[in-house]
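Commentary on secondary and tertiary structure
Here is how the chains run, residue by residue.
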Amino acid sequence: MKTHLLPIVLGLGLASEALADFLPIPLTPGSFSQDMVVEHNAPAVPNGSSTSSSMDAGTANTGFSWYEQGYDAAAPTTGLPTAGSTFASAAFPTHHYTMPPSYTANNAAYIDSSHIVTLTPAVPAAFAGLSFLAAAGNGPVIVDYTVHHADSSFENGTISVQDWLGNTPVAFTANGRVDVVSGTLDNVNNGNPRLYVADISLGNRTSPVTSIDLSWDAANTGTGVAAFFALSGQAALPATLGQTIQWGLTLTNINNPITPDVVTNSDGSVTVTAGG
């Protein structure tokens, strides 16, 4: 597999967009439907009182789930980033996420076969794409999404949320999990559990996003759960005329030199055709 960066210079009259980093989108408190994280100052034996759901057992609230950094006094840097903190994805440094503001309140948008959730941006805005910070217990879990815009349009699709153990690419490695009842720690400094990035591209890049519905896809089998902890957005910025923009093209099974054909369409969009 080869990856090529293709520079395209925008000439006079060419309408296009330069894509920015994914930046955190603050969500309303009601976007978080379950407490799935044991806070840093919780009792050593939580006895189920620090969470309402777990990654292992969902709303039964047993088995293993997440804990906040500082909970394990012997390994204080393990666990999820502190509540309200912002970090960049390990695999995709242009993706930035802000964790829920509190781990003593609901802190995860939770989906299973009988629970749906709506993410609501605190301030609606237009985006070129959205990025979810999520993981699944007993996954993967396929999640249906519907993005609603201020102009009453909507767009939908599905995303696959990977199991919290052993998958890639990794946004954040917690390096530890805790039994929400007994307080037993597991996988400390052992490379699990993990949070992942799930990106979607938006067709409507001018009307603000007002909400995103998330629900269980009928193709799922088993008893998995999906937990979403943060949302980020990529603004669609008008490009400066004459600016050179690079797109990364991933080409597979290519043995001969490539001469891309770039065509400016009547609507200002650009079509790039490469073969060889």
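Up top is the structure.
Residues numbered from 1 in each chain as written. Predicted model: local features only at pLDDT ≥ 70, side-chain atom pairs only at ≥ 80, totals over all residues. Heavy atoms only, no water.

**Quick look at the sheet that holds strand β14 (residues 185-186)**
Strand order in this open sheet of 4 strands is β3-β4-β13-β14, and the pairing throughout is mixed. Each edge of the open sheet carries a strand with a single partner, namely β3 (37-38) and β14. Summarising the sheet, strand β13 (residues 177-179) and β14 pair through 2 bridges and their orientation is antiparallel. When the bridges of β14 are listed, Val178 appears paired with Leu185. (Pairing = 2+ DSSP bridges. Helix = DSSP H or I, 4+ residues; strand = E, 2+ residues; numbered from the N terminus.)

**Observations concerning the packing of aromatic side chains**
A full pass over the atoms with the stated rule returns 6 aromatic pairs. Note on Tyr67 and Tyr71: the rings are 5.7 Å apart at their centroids and 45 degrees apart in plane angle, and the pair reads as tilted. With respect to class, Tyr67 is no different from Tyr71; both count as buried. An angle of 40 degrees between the planes, with centres 6.0 Å apart, marks the rings of Phe87 and Tyr97 as tilted. Taken together, the residues Phe87 in strand β5 (residues 86-88) and Tyr97 in strand β6 (residues 96-98) connect sequence positions 10 residues apart. Here the two residues Phe87 and Tyr97 agree in accessibility, since each one is buried. Site record: aromatic cluster; members linked through ring pairs are Trp66, Trp164 and Phe229. For Arg177, the ring lying beneath its charged end belongs to Phe64, and the centroid distance is 4.4 Å. (Phe/Tyr/Trp six-rings, centres within 6.5 Å; stacked < 30°, edge-to-face > 60°. Buried < 20%, exposed > 50% of the residue type's maximum accessible area, 1.4 Å probe, protein only. Lys NZ or Arg CZ within 6 Å of the ring centre and 35° of its normal.)

**Brief notes about the sheet that holds strand β8 (residues 117-119)**
The 4 strands lie next to each other as β8-β16-β10-β11, forming an open sheet whose pairing is antiparallel. Only two strands of the sheet have a single neighbouring strand rather than two, namely β8 and β11 (154-161). Mean inter-strand twist for the sheet, computed between neighbouring axes without regard to direction, equals 25 degrees. Bridge analysis of strand β10 (residues 141-149) against β11 gives 8 bridges, and the strand direction is antiparallel. From the neighbouring strand, Asp144 faces β11, where its bridge partner is Thr158. (Axes fitted to C-alpha atoms, helices over the stretch in contact; angles between N-to-C directions.)

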